[in-house]
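Analysis of the macromolecular model
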Amino acid sequence: MMGHSHALSGAALWLLAAPGLAALPELGGLAGDLTPVVANMLSPAELIAGALVCAGAAMLPDLDHPHATIAQTFGPATWVLSKAVNWLSGGHRHMTHSLFFVVAAGIGTHLLADRYPIGRDIVVVLLIGLALRAVGIGIPDRTITSALVNIGLTAGTFLFFHSRDVGYLWLGLAVAIGCLAHVFGDCMTERGCPVLWPLKHKWLLPWKMGLKTGRAFEVKILGPVLSVVVVGLFAIRLMPVM
Ligand SMILES: [Zn+2]
């Protein structure tokens, strides 16, 4: 799947899941008490911040692909990183396209955010930058102007959330949801994903129904449909309840 589709599906999954998660009763000793993590997820600013973070996180699994959008977003830095991730995870669509990665990325981000506020802010800024890039802000020809537009918008968005007292207790959860949306999306493609990595079995649609990445269906139908879904979900979630 293309970066654009992944980012939109990440935002959509966040907007679908956040209210349900926030409404969860205390889970008792089962998984610890989630209340502090989900308590503020539903203020309008946090909902928007979560959708952007989730959209950015939905690009992370493709760090194992040096030609993917994410690998080319921050120039040589992300390219070298993606080469390293590609080598570590055993190639494209291996470890980073599994539930193992979803959980590890979520818990890793949560622990980082919990301990290092600066690290948390850097992750948030990078993910917002990625999300904006994925939906088409700052792409054309990678000119300096487009990079500056992306940086300016990212900084402005981050400062806006800051002014609205957005807390990021849910950051790890949003990263996990974004990565999950990616794995699910790639399972809809013809190559599938090793969902239960390290088991090698690829999960994909039967009868070769899987999408071919970047073909007309994804560009002309799936992309626009996902955009409409995201805009519609934003409208539903942010509309004041009568
Ligand atoms: Zn992928």
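Since the model is a prediction, treat every value here as computed from it, not as a measurement.

1. Remarks on helix H6 (residues 117–134)
With 18 residues, H6 extends 26 Å from end C-alpha to end C-alpha; this agrees with the ideal 26 Å at 1.5 Å per step. Considered for burial, the residues of H6 that qualify are Gly119, Val123, Val124, Leu127, Ile128, Gly129, Leu130, Ala131, Leu132, Arg133 and Ala134. Immediately downstream of H6, the backbone of Gly136 shows phi near 105°, a positive value.

2. Things to note about the coordination of the zinc ion
Protein coordination at the zinc ion: the donors are Asp62 (OD), His97 (NE2), His182 (NE2) and Asp186 (OD), at 2.0 to 2.2 Å from the metal. If you look at the zinc ion, its four donor atoms make angles of 90 to 173° with each other, and the shape they trace is irregular. Along the chain, the residues donating to the zinc ion fall in the pattern D-x34-H-x84-H-x3-D. Here His97 lies in the loop between helix H4 (76–89) and helix H5 (99–115) and Asp62 lies in the loop between helix H3 (44–57) and H4, a separation of 35 residues in the sequence.

3. Comments concerning the UniProt feature "transmembrane region" (unreviewed entry) in the chain
Listed under "transmembrane region" (unreviewed entry) in the UniProt record, and renumbered for this structure, are residues 95–113, 122–139, 145–161, 168–185 and 221–239. Taken end to end, residues 145–161 has its terminal C-alpha atoms 24 Å apart, with 100% of it in helix and 0% in strand. Between the C-alpha atoms that bound residues 221–239 there is a distance of 27 Å. The span itself is 95% helix and 0% strand.

4. Details of the pattern of salt bridges
One pass over the structure, following the stated rule, counts three salt bridges. Taking the shortest distance from any N to any O, the salt bridge between Arg120 and Asp121 comes out at 3.2 Å. Arg120 gets classed as partly exposed once you look at its relative accessible area, which sits at 23%. For Glu190, the salt bridge is made with Lys212, and the minimal N-O distance between the two is 3.8 Å. Here Glu190 is found in the loop between helix H8 (171–187) and helix H9 (216–238), whereas its partner Lys212 is found in the loop between H8 and H9, with 22 residues between them in sequence. Judged by its relative accessible area of 39%, Lys212 falls in the partly exposed class.

5. Digging into H8
An ideal rise of 1.5 Å per residue puts 24 Å on 17 residues; H8 measures up with 25 Å between its terminal C-alpha atoms. Of all 17 residues in H8, 14 are buried, a share of seventy percent or more.

6. What about the nonpolar core?
By size, the foremost hydrophobic cluster in this structure holds 59 residues, and its most contacted members are Trp14, Leu60, Leu127, Tyr168 and Trp170. In terms of residue count, the dominant contributor to this core is H3 (nine residues). Sequence-distant contacts of Trp14, that is, excluding residues within four places in its chain, are made with Pro19, Met41, Glu46, Leu47, Gly50, Ala51, Cys54, Trp170, Ala174 and Ile177.

7. A look at unusual backbone geometry
Geometrically, the link from Trp197 to Pro198 is a cis peptide bond, its omega value of 15° lying close to zero. Turning to its location among the elements, Pro198 is positioned in the loop between H8 and H9. Of note in the backbone geometry, Arg93 takes a positive phi value of approximately 60° without being a glycine. By the secondary structure assignment, Arg93 is in the loop between H4 and H5. On the basis of relative accessibility, which here comes to 4%, the residue Arg93 falls in the buried class.

How each quantity is defined
- The residue numbering used here restarts from 1 in each chain and proceeds along that chain's sequence as written.
- It should be noted that, the model being predicted, local features are given only for residues of pLDDT at least 70 and side-chain atom pairs only at 80 or more, the latter also being counted only at that level, while totals for whole chains, interfaces and linings use all residues.
- Excluded from the side-chain calculations are hydrogens and water; all other atoms, namely the structure's heavy atoms, are used.
- In this text, helices come from DSSP runs of H or I with a minimum length of four residues, and strands from runs of E with a minimum of two, each type numbered from the N-terminal end.
- For a helix, the expected span equals 1.5 Å multiplied by the number of residues minus one.
- Residue exposure (1.4 Å probe, protein chains only): buried if accessible area is under 20% of the type maximum, exposed if over 50%, otherwise partly exposed.
- Here a donor is any nitrogen, oxygen or sulfur atom (N, O, S) within 2.8 Å of the metal, with 3.2 Å used for Na, K and Ca; water is not among the atoms considered, so some sites may look incomplete.
- Donor angles set the geometry label: tetrahedral for four donors if every angle is between 85 and 135 degrees, square planar for four and octahedral for six if opposite donors exceed 155 degrees and the others are between 65 and 115, irregular for anything else.
- UniProt positions are given in the numbering used here, feature names are shortened, and annotations may be inferred rather than shown by experiment.
- Salt bridges are defined by distance alone: a side-chain nitrogen of Lys or Arg within 4 Å of a carboxyl oxygen of Asp or Glu.
- The definition of a nonpolar core used throughout is a set of buried Ala, Val, Leu, Ile, Met, Phe, Trp, Tyr and Cys residues joined through side-chain atoms within 4.5 Å.
- The criterion used for residue contact is that any of the two residues' heavy atoms lie within 4.5 Å.

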